[in-house]
Amino acid sequence: MKKTLLIAATLLTAACTERHTTPDTQAADRAKGFAEAYFNYDFKTALPMATPESLRWLQFAASNITQQDVDQLNAQQALATADITGLEWTDDTTATVTVAVGNYLQKDSIGRPMRLVDEAEFLLTVIERQGQYLVKMEGLPRSERQSRGSAGDE
């Protein structure tokens, strides 16, 4: 009986303990979630993770998706992945987060098929606004570093 009460008390304490996360963790988590949504072309999921002024860039990216792109995305075997490889604060509310994105389809230009990229590195700006961390887009994400494209690339 005492053992059961001790276990119950421990579980209750753990459940009631607030999970405190650091600004680093919050900014990194937001960048990772945004990158996974964005590079899987799930702009609806990416939108609430971005600042309101980023809407125009998400709309622009979405407006350039063709039916050929949709078919290619649907045929892809695995989703794009994102891993945080660096984070640097530029001031109290702004961080630059380095994200390694793997296995994503890169849109080159309208009318050309997307190409599979094994891994590329992107810098995302994350800002804190009213206690919430959001990705601030000032353009479409551009690769800082790319490695190996899919077979058949020149």
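Residues numbered from 1 in each chain as written. Predicted model: local features only at pLDDT ≥ 70, side-chain atom pairs only at ≥ 80, totals over all residues. Heavy atoms only, no water.

1. Observations regarding the overall build of the protein
Phase 1: Looking only at helices and strands, the protein features five helices and five strands.
Phase 2: Start at the N end of the protein and walk to the C end: the helices and strands fall as α-α-α-α-α-β-β-β-β-β.
Phase 3: Per-residue burial over the protein gives 30% buried out of 154 residues.
Phase 4: Here the contacts in the protein between residues at least 6 apart in sequence split such that 59% fall between residues at least 24 apart.
Phase 5: Carbon and sulfur atoms make up 53% of the accessible area of the protein, which amounts to about 9800 Å² in all. (Helix = DSSP H or I, 4+ residues; strand = E, 2+ residues; numbered from the N terminus. Buried < 20%, exposed > 50% of the residue type's maximum accessible area, 1.4 Å probe, protein only. Contact = heavy atoms within 4.5 Å. Areas by Shrake-Rupley, 256 points an atom, 1.4 Å probe, with all protein chains shown as cover.)

2. A look at the pattern of salt bridges
Phase 1: Tallying each qualifying case throughout the model produces five salt bridges.
Phase 2: The partner of lysine 32 in a salt bridge is aspartate 83, with the nearest N and O atoms 3.9 Å apart. Of this pair, lysine 32 sits in helix H2 (residues 23–38) while aspartate 83 sits in strand S1 (residues 81–89); the two residues are 51 residues apart in sequence, bridging distant segments of the chain.
Phase 3: Judged by its relative accessible area of 30%, lysine 32 is partly exposed. (Salt bridge = Lys/Arg side-chain N within 4 Å of Asp/Glu carboxyl O.)

3. Remarks on the nonpolar core
Phase 1: One finds Phe34, Tyr38, Phe39, Leu58, Val99, Tyr104 and Val126 to be the most contacted residues of the largest nonpolar core, which totals 30 residues.
Phase 2: Elements supplying a minimum of two residues to this core: H2, helix H3 (43–46), helix H4 (55–63), strand S2 (94–106), strand S3 (115–129) and strand S4 (132–136).
Phase 3: By residue number, the principal contributor to this core is H2, which donates six residues.
Phase 4: Setting aside residues no more than four positions away along its own chain, valine 126 makes contact with Ala27, Ala31, Thr93, Thr94, Ala95, Val97, Tyr133, Leu134 and Val135. (Core = buried A, V, L, I, M, F, W, Y, C linked by side-chain atoms within 4.5 Å.)

4. Overview of the side chain of aspartate 69
Phase 1: Note on placement: aspartate 69 falls in helix H5 (residues 67–75).
Phase 2: For aspartate 69, a relative accessible area of 0% gives the class buried.
Phase 3: Here lysine 107 takes part through its side chain, which lies 2.5 Å from a polar atom of the side chain of aspartate 69.
Phase 4: Setting aside residues no more than four positions away along its own chain, aspartate 69 makes contact with Asn64, Lys107, Arg112 and Met114. (Polar contact = N/O pair within 3.5 Å; in protein donor to acceptor, adjacent residues only side chain to side chain.)

5. So, unusual backbone geometry
Of all residues except glycine, most have a negative phi; of all peptide bonds, most are trans.
Phase 1: A positive phi angle, near 55°, is found at asparagine 103, a position not held by glycine.
Phase 2: According to the relative accessible area criterion, asparagine 103 is partly exposed, its value standing at 24%.

6. Some thoughts on the pairing of S3
Phase 1: The pairing of S2 with S3 spans twelve bridges and is classified as antiparallel. Note on S3: the bridge partner recorded for tyrosine 104 is valine 117.
Phase 2: Pairing between S3 and S4: five bridges, direction antiparallel. When the bridges of S4 are listed, threonine 125 appears paired with lysine 136. (Pairing = 2+ DSSP bridges.)

Treat this as a map of the structure, not an account of what it does.
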